[in-house]
Amino acid sequence: MLQRVASPVVAVLLALFITTSFVGPEATPRPKPTPDFAPWIDTSDRDEVIAAFRAAFDREAPPMNWTGEAGQCDPGDSSDALRRETLIRIAYYRAMAGVPATVIEDPLMSDKAQAAALMMSVEGELTHHPDSDYACFSAAGQEAAANSNLYLGRTGPLAIDGYIEDPGDRNVDVGHRSTILHPPTEVMGIGHVSGTLDRYPANALWVFDRGVFELEYETREPAGFVAWPPRGHVPAEVVYPRWSFGLQRASFERATVTMTGPDGLEVPLEIVARLSKDGEIPSSVIVWEPKLEFGEPEGDQIFTVTVADVGPPEDRLSSQVVEIGDTGRLSVPAEESTYTYEVVVVDQSEESGPVRDLLSFVSTTTGELLGVMSFGG
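Draft legend 1. Examining the sheet that holds strand 6 (residues 226-228) more closely. Read across the open sheet, the 4 strands follow the order 6-8-12-10; overall the sheet is antiparallel. The open sheet has two edge strands, strand 6 and strand 10 (269-275), and neither has a second partner. Strand-to-strand twist of the sheet, defined as the mean angle between neighbouring strand axes without regard to direction, takes the value 10°.

Draft legend 2. Quick peek at the packing of aromatic side chains. Per the stated rule, a full pass over the model turns up 15 aromatic pairs. With a centroid separation of 5.4 Å and an interplanar angle of 85°, the aromatic rings of F57 and Y92 are classed as edge-to-face. Here Y92 lies in helix 2 (residues 80-97) and F57 lies in helix 1 (residues 46-57), a separation of 35 residues in the sequence. Judged by relative accessible area, which is 21%, F57 ranks as partly exposed. Given the relative accessible area of 0%, Y92 is considered buried. What links up through ring pairs into an aromatic cluster is the set F53, F57, Y92, Y93 and W228.

Draft legend 3. A look at the state of the cysteines. By the definition in use, this model includes 1 disulfide. Shown here is the disulfide that connects C73 with C136, its sulfur atoms set 2.1 Å apart. Note on the C73 and C136 pair: the S-S dihedral is about -80°, so by sign convention the disulfide is left-handed. On the criterion of sequence distance, the pair formed by C73 in the loop between helix 1 and helix 2 and C136 in the loop between helix 3 (107-123) and helix 4 (139-146) is long-range, its members being 63 residues apart.

Draft legend 4. Up close: helix 3. Here helix 3 contains 17 residues, and its C-alpha end-to-end distance of 24 Å stays within 8% of the 24 Å for a straight helix at 1.5 Å per residue. With 13 of 17 residues buried, helix 3 lies mostly within the body of the structure. Looking one or two residues beyond helix 3, the residue adopting positive phi is G124, at roughly 80°.

Draft legend 5. A look at unusual backbone geometry. Looking along the chain, the bond that leaves W228 and enters P229 is cis, with omega of -5°. You can see P229 is positioned in the loop between strand 6 and strand 7 (232-235). Phi is positive for N65, close to 50°, though the residue is something other than glycine. Counting through the fold element by element, N65 comes out in the loop between helix 1 and helix 2. Since its relative accessible area comes to 52%, N65 is described here as exposed. Backbone geometry places D309, a non-glycine residue, at a positive phi of 60°. Here D309 lies in strand 13 (residues 301-310).

Draft legend 6. Seen up close, the pairing of strand 13. Across the 10 residues that make up strand 13, a large majority, 7, are buried. Direction of pairing for strand 9 (residues 256-260) relative to strand 13: antiparallel, over a ladder of 5 bridges. Note on strand 13: the bridge partner recorded for V257 is V307.

Draft legend 7. Local environment of the confidence of the model for the protein. Mean pLDDT over the protein works out to 81, with 75% of the residues at or above the 70 mark. Every residue in residues 3-36 is under pLDDT 50, and counting partners more than four places away or in other chains gives 96 contacts.

Draft legend 8. Focus on the pattern of salt bridges. Under the definition given, this model contains 10 salt bridges. Residues E85 and R59 are paired through a salt bridge, measuring 2.6 Å at the closest nitrogen-oxygen approach. Taken as a pair, E85 in helix 2 and R59 in the loop between helix 1 and helix 2 lie far apart in primary sequence, 26 residues in all. Judged by its relative accessible area of 11%, E85 is buried. Since its relative accessible area comes to 36%, R59 is described here as partly exposed. Through salt bridges with shared partners, a single network forms among D77, D80, R83 and E105.

Cut-off values and rules
- Residues numbered from 1 in each chain as written.
- Predicted model: local features only at pLDDT ≥ 70, side-chain atom pairs only at ≥ 80, totals over all residues.
- Heavy atoms only, no water.
- Pairing = 2+ DSSP bridges.
- Helix = DSSP H or I, 4+ residues; strand = E, 2+ residues; numbered from the N terminus.
- Axes fitted to C-alpha atoms, helices over the stretch in contact; angles between N-to-C directions.
- Phe/Tyr/Trp six-rings, centres within 6.5 Å; stacked < 30°, edge-to-face > 60°.
- Buried < 20%, exposed > 50% of the residue type's maximum accessible area, 1.4 Å probe, protein only.
- Disulfide = S-S within 2.5 Å.
- Expected span 1.5 Å × (residues − 1).
- pLDDT = per-residue confidence, 0-100.
- Contact = heavy atoms within 4.5 Å.
- Salt bridge = Lys/Arg side-chain N within 4 Å of Asp/Glu carboxyl O.

Encoded structure:
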């Protein structure tokens, strides 16, 4: 949890952040990626959504070419190609969520993230607050650990997929997802360390830049909310078990979530987290897990999501109604808000079966991976 104030707060979950430190003067960023989507994707356009997914995912995984040495506590560096592919995956998720996708890499942040990734890999566990007893401890790695998402077991674009999915009991508040999709963020740092038979590979993704507390920013959604899966068409492969809806400075203490499926029947769900934040990062968010059972008809399936009784941000003073693209509308009363939007789960498979099989594959694969990976915040 990142706060404006300097007073410390004790973190219970690794997915929450505590830090008041930022990287020093930013160095000249490395060249940013140039994906086919910018600044965000029109999710009302099915063809555009599929094209963007393929542009981001149908790519050859580049080698890491790690130059460090764990035995010498040398964090080294990873290949430019792998860092570029990592940025492209970040850009994809941000563009789909309707927040600016043109995040660039800062070399100084990345150098420090390398040191953090090495510390986590050699120690074999994750913490945002390593002390001098930690293996391969360094001040640079300590600083990065306090400002980063941390991952054991995945690197490169696959680590970004894991952060967006945010599985596990310690990550019900989807803090990793929220920081990657935080609208004002413009700069990140990327650290990758390769593993061995007895040591996990690791990733550290520096996510707190100098603009993290900015309140003025553009989003695709008129109301400024950030949802995953987002409104509109979404490939089934990236519809993860946890759904979330975030809004700066909103109160979700009394909020409710309902969903209806393609048959018009209500989808059973469980709300697993409510965070109501003012002056802290990640933003306010409500998280739920729908119990999806797919049947006839096969193909694309539409789910209507309603998030009701949301307390307003401080600067929302009057009632209004805002149209949201082609697939939903937003009613914003002065005291409480109700958000209704549609998520179209896209079945783009031709050989592997209907949407329900794709989602089952995602869930099964994640379950197997959980045995060999760990998350920090």
